[in-house]
Amino acid sequence: MDQEEMGSGGAWPVVVRFPVEPVEAAVEADAMDAVVQVDTLAVRGPLFGVAAQSVEQRPQWQVVIAVTAGCPQTARDSLNSLLWFRAKDDAQDRTERRALLAAVARLERERVDELTVLGTRYRIVRAEEYAGMDADGIEQPRPTDPEPVRPDWARSTIEAPIDDGLLLDPDAPITPAQAAERLALRTLAYTGSRFPHDVRSDSQRAVDTHPDVLLLPATFAVVEQAAGGGWMSASALHGSAHEARKTLDFSLTWWEPRRRGFVPVGAHRDVDARTLVAEGVDPAASELAPYAEAADQLRAGRVNELEVEGTVYRIGRTRRLLRWGPDGPEGPRPSDINRHGPERIHPVLDEDGNILPEDEDDEAESSI
């Protein structure tokens, strides 16, 4: 496999692999088409997650909490839970459990962005979410984005976690299209006057302190546009376009009937727009028919856009870049907003992994 190094500015080279495999060639073609079609990139704001690094992994890091949280403290709380359950279920002895519970206690009191527990470094990491835009709006899923062979519409099915086991390695060879995008985004920084001064300053500083970028896997979400308005996010992020479609299906058939008051109080959870339309319940049948029809259309194929009662729903394709410096992935910036503070989110455990009654919590905490 031929490789070529490409460098830019003060960042280290990007290793490009040639030639690409047939499947990669199709993905490359899609990426090039997107470059032609996209007029601009819309920066949607920061996302946060947790990466871990053991001594054996250096300089690589591995994502252990998906980089999808809207504020740093949410990622810290997720790390709190990860370590708490590890103390409860996986600790081999009291020494391990003490170390894990000490980290949990610290996360309950402080805004900690990095800590080492039992030889593993954990870091709150920051990524920038962005999306391609053209005259028609936000980019939709590409033909080569992963799709299930047999779409599963069951609400009980749990989707695969985003970033599950993702290894962050700036030296890993990548395709030409990935390299071009990565190099082009190295200088990305907030410059618009709508951003506060400290946000712009932190963004520009990050270009120097973390000069390289890594591209995380694409994510997908439902976005909506009311008549004459802009595009607004209408769902959480998903790892595939199909999972985003499932969320839209749920919104059209379950949430809308309840939001509009067409479902009686105490109705069974399985009652949805399809049920009401099929049974001819007035006035629900006539009012909800467009939503049931749209949901049926959604299930009939890989539909990425629907218009229902004046609102356009679209499956939007968003991307994430993570800045990288000499010591690895970027953490939260001083100007990033925390929507809440640290707090206890789990019961107190003793050294043997037993959950203590509430009246013993304070005494146990003081001994950790």
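As a reminder, the structure under discussion sits directly above these lines.
Residues numbered from 1 in each chain as written. Predicted model: local features only at pLDDT ≥ 70, side-chain atom pairs only at ≥ 80, totals over all residues. Heavy atoms only, no water.

**Q** Can you tell me about the pattern of salt bridges, naming the residues and giving the values?
**A** All chains considered together, the criterion is met by 32 salt bridges. As a salt-bridge pair, Arg-94 and Glu-351 come within 3.7 Å of each other at their nearest N and O atoms. Taken together, the positions of Arg-94 in helix H3 (residues 94–109) and Glu-351 in the loop between strand E13 (328–329) and helix H9 (361–367) put the pair 257 residues apart, joining distant regions of the chain. Through salt bridges with shared partners, a single ionic network connects Arg-94, Arg-98, Glu-351 and Asp-352. (Salt bridge = Lys/Arg side-chain N within 4 Å of Asp/Glu carboxyl O. Helix = DSSP H or I, 4+ residues; strand = E, 2+ residues; numbered from the N terminus.)

**Q** Which residues make up helix H2 (residues 72–89), and what are the values?
**A** For H2, with 18 residues, the first-to-last C-alpha span of 26 Å sits near the 26 Å given by 1.5 Å per residue. All of the buried residues along H2 are Pro-72, Gln-73, Ala-75, Arg-76, Asp-77, Leu-79, Asn-80, Leu-83, Trp-84 and Ala-87. (Expected span 1.5 Å × (residues − 1). Buried < 20%, exposed > 50% of the residue type's maximum accessible area, 1.4 Å probe, protein only.)

**Q** Please set out the packing of aromatic side chains residue by residue, giving values where relevant.
**A** The description of an aromatic ring pair rests on the distance of the ring centres and on the angle between the ring planes. According to the stated counting rule, one finds three aromatic pairs in the structure shown. Ring geometry for Trp-84 against Phe-85: centres 4.8 Å apart, planes inclined by 85°, an arrangement best described as edge-to-face. Classification of Phe-85 by relative accessible area gives partly exposed; the value is 38%. Aromatic side chains Tyr-190 and Phe-195 sit 4.4 Å apart centroid to centroid with 15° between the ring planes, which places their arrangement in the stacked category. Its relative accessible area of 18% is what places Phe-195 among the buried residues. The residue whose ring lies beneath Arg-258 is Trp-254, and the NZ or CZ to ring-centre distance is 3.8 Å. (Phe/Tyr/Trp six-rings, centres within 6.5 Å; stacked < 30°, edge-to-face > 60°. Lys NZ or Arg CZ within 6 Å of the ring centre and 35° of its normal.)

**Q** Before we move on, could you go through the layout of surface pockets and cite the residues and values that matter?
**A** Of the pockets and cavities examined, the second largest pocket occupies roughly 380 Å³. Forming the boundary of the second largest pocket are 19 residues, of which Gly-45, Pro-46, Tyr-190, Phe-195 and Val-199 lie nearest the centre. For the lining of the second largest pocket, the elements supplying multiple residues, two or more each, are strand E3 (40–53) and helix H5 (197–209). Per element, the largest residue contribution to the lining of the second largest pocket is five residues, and it comes from E3. In terms of residue class, the lining of the second largest pocket is built from nine nonpolar, three polar and seven charged. (1 Å grid on protein atoms, 1.4 Å probe; cavity = no way out; pocket = protein on both sides within 12 Å on 5 of 7 lines; lining within 4 Å. Points joined across faces, edges and corners; volume = space filled by probe spheres on them. Nonpolar A, V, L, I, M, F, W, Y, C, P; charged D, E, K, R; others polar.)

**Q** Give a description of empty space enclosed by the protein that names residues and reports values.
**A** Enumeration over the complete set of coordinates arrives at one cavity of 30 Å³ or more. Considering only enclosed or pocket space, the largest cavity measures out at about 70 Å³ in volume. Looking at the largest cavity, the residues that line it are Val-43, Glu-128, Leu-188, Ala-189, Tyr-190, Ser-203, Ala-206, Val-207, Leu-321, Arg-323 and Arg-333. The element that contributes the greatest number of residues to the lining of the largest cavity is H5, accounting for three residues.

**Q** Kindly report on the packing of H2 against H3, identifying the contributing residues and their values.
**A** Two quantities define a packed helix pair, namely the angle between the helix axes and the distance between the axes. At a closest axis distance of 9 Å, the pairing of H2 and H3 adopts a crossing angle of 155°. When the interaxial angle is binned, H2 and H3 end up roughly antiparallel. Crossing angle aside, the handedness with which H2 passes H3 is left-handed. Of the residues in H3, those touching H2 at Arg-76, Leu-79, Asn-80, Leu-83, Trp-84, Arg-86, Ala-87 and Lys-88 are Arg-97, Leu-100, Leu-101, Ala-103, Val-104, Leu-107 and Glu-108. Its residues assigned to classes, the contact of H2 with H3 shows nine nonpolar, one polar and five charged. (Axes fitted to C-alpha atoms, helices over the stretch in contact; angles between N-to-C directions. Parallel < 35°, antiparallel > 145°, perpendicular 65-115°, else oblique. Left-handed = near helix turned anticlockwise from the far one by under 90°. Contact = heavy atoms within 4.5 Å.)

**Q** Give a description of unusual backbone geometry that names residues and reports values.
**A** In the segment running from Arg-58 into Pro-59, the intervening peptide bond is cis, with an omega of 5°. Looking at where Pro-59 falls in the secondary structure, it is placed in the loop between E3 and strand E4 (61–69). Residues other than glycine seldom take positive phi values, yet Asp-163 does so here, at roughly 65°. For Asp-163, the location among the structural elements is in the loop between strand E7 (137–138) and strand E8 (167–168). For Glu-309, which is not a glycine, the phi torsion comes out positive at approximately 50°. In this fold, Glu-309 is placed in the loop between strand E11 (305–308) and strand E12 (311–325). Take Glu-309: its relative accessible area is 51%, and that puts it in the exposed class.

**Q** Talk me through the nonpolar core; I want residue IDs and the actual numbers.
**A** Among the nonpolar cores identified, the biggest contains 24 residues, and Leu-248, Leu-252, Leu-306 and Ile-315 are the most heavily contacted of them. Breaking this core down by element, the ones donating at least two residues are strand E9 (212–226), helix H6 (241–259), helix H7 (273–279), helix H8 (284–300), E11 and E12. Sort the elements by how many residues they give to this core and H8 lands first, with six residues. Among all residues touching Leu-306, those that are not within four sequence positions of it are Leu-248, Leu-252, Ala-294, Gln-297, Leu-298, Thr-311, Val-312 and Tyr-313. One finds Phe-48, Ala-52, Leu-79 and Val-112 within the second-largest nonpolar core, a separate group that totals 22 residues. (Core = buried A, V, L, I, M, F, W, Y, C linked by side-chain atoms within 4.5 Å.)

**Q** I'd like to hear about the side chain of Arg-17, residue by residue, with values.
**A** Positionally, Arg-17 belongs in strand E2 (residues 11–18). Among the polar contacts made by the side chain of Arg-17, one reaches the side chain of Glu-24 at a distance of 2.3 Å. (Polar contact = N/O pair within 3.5 Å; in protein donor to acceptor, adjacent residues only side chain to side chain.)

In short, shape yes, function no, at least from these values alone.
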